[in-house]
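Inside the fold
Each chain, letter by letter, is given below.
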Amino acid sequence: MNIQIKPMGDYQTNCYIITIDEKDFIIDPGMGATAWIKQHVKNPVAVLNTHGHFDHIWSNQEVKEFYNIKLYTPKDDEFMLTLNPYNLGMPPSKADVLVEPDEELEIARVKVKFHHFPGHTPGCSMIEINGTLFSGDFIFKGTIGRFDFPMSDASKMKASLSKVLSWEKNYHIYPGHGDKTTLTNEKNTIKQWYNHIRG
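Below is a summary of the structure that appears in this document. (Residues numbered from 1 in each chain as written. Predicted model: local features only at pLDDT ≥ 70, side-chain atom pairs only at ≥ 80, totals over all residues. Heavy atoms only, no water.)

This model, assessed by the stated rule, comprises four salt bridges. Notably, a salt bridge pairs Asp-96 with Lys-64, separated by 3.1 Å at the nearest N-O pair. Of the two residues, Asp-96 sits in the loop between β5 (70-74) and β6 (97-99) while Lys-64 sits in helix α3 (residues 60-67), which places them 32 residues apart along the sequence. Judged by its relative accessible area of 40%, Asp-96 is partly exposed. Accessibility expressed as a relative area gives 9% for Lys-64, which makes it buried. The partner of Glu-100 in a salt bridge is Lys-75, with the nearest N and O atoms 3.3 Å apart. With Glu-100 in the loop between β6 and β7 (104-107) and Lys-75 in the loop between β5 and β6, the pair connects residues that are 25 residues apart, well separated along the chain. Given the relative accessible area of 37%, Glu-100 is considered partly exposed. Judged by its relative accessible area of 39%, Lys-75 falls in the partly exposed class. (Salt bridge = Lys/Arg side-chain N within 4 Å of Asp/Glu carboxyl O. Helix = DSSP H or I, 4+ residues; strand = E, 2+ residues; numbered from the N terminus. Buried < 20%, exposed > 50% of the residue type's maximum accessible area, 1.4 Å probe, protein only.)

Quick look at the structure:
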């Protein structure tokens, strides 16, 4: 598996291209991502969203239409695909596949699982491909995603942290912002946040 990463836009949102068996999966095409994607994909098969915040989905429609591929979005964040928060002019997009919580899919003969961890957004997910997690804005190196946005939920975030703390397997984690990490390296931080959140 090959992983290409490019931070996009003012929020430096990581766009990923994951290549397995010469098939390219595009995760979270943010602001201005299309030009970079065109330079670095050979055989794109799907666009995947970890969640619905604008800085992660900005180029969804442009990329999926250019390559005539499907867009996979967590079902509970579908409503965010057509919002225009802060009047920034985000292009709306339409998901071709609404992914159920914790659903595992087979896309181009590759298994892709959307692990549901709500709190940052209702549909916030970590996408597992080939034993590697793309965590969106759930887990970062040294911290977790914010849960004070209008569509966030502190009690759901606490439940999500409890859920991931129960995992015994170590994973490589590629977050929506910043550097990669591992679940083992983040468990102490996650425990601290779990204890900090009321609810």
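Our focus in this paragraph is the packing of helix α4 (residues 154-165) against helix α5 (residues 183-196). It is at 10 Å that the axes of α4 and α5 come closest, and there the two elements cross at 145°. Here α4 runs over α5; the crossing is left-handed. Across the interface between the two elements, Lys-158, Leu-161, Ser-162, Val-164 and Leu-165 of α4 pack against Leu-183, Lys-187, Ile-190, Lys-191, Trp-193 and Tyr-194 of α5. Of the residues contributing to the contact of α4 with α5, the split by class is seven nonpolar, one polar and three charged. (Axes fitted to C-alpha atoms, helices over the stretch in contact; angles between N-to-C directions. Left-handed = near helix turned anticlockwise from the far one by under 90°. Contact = heavy atoms within 4.5 Å. Nonpolar A, V, L, I, M, F, W, Y, C, P; charged D, E, K, R; others polar.)

These figures capture arrangement, not role.
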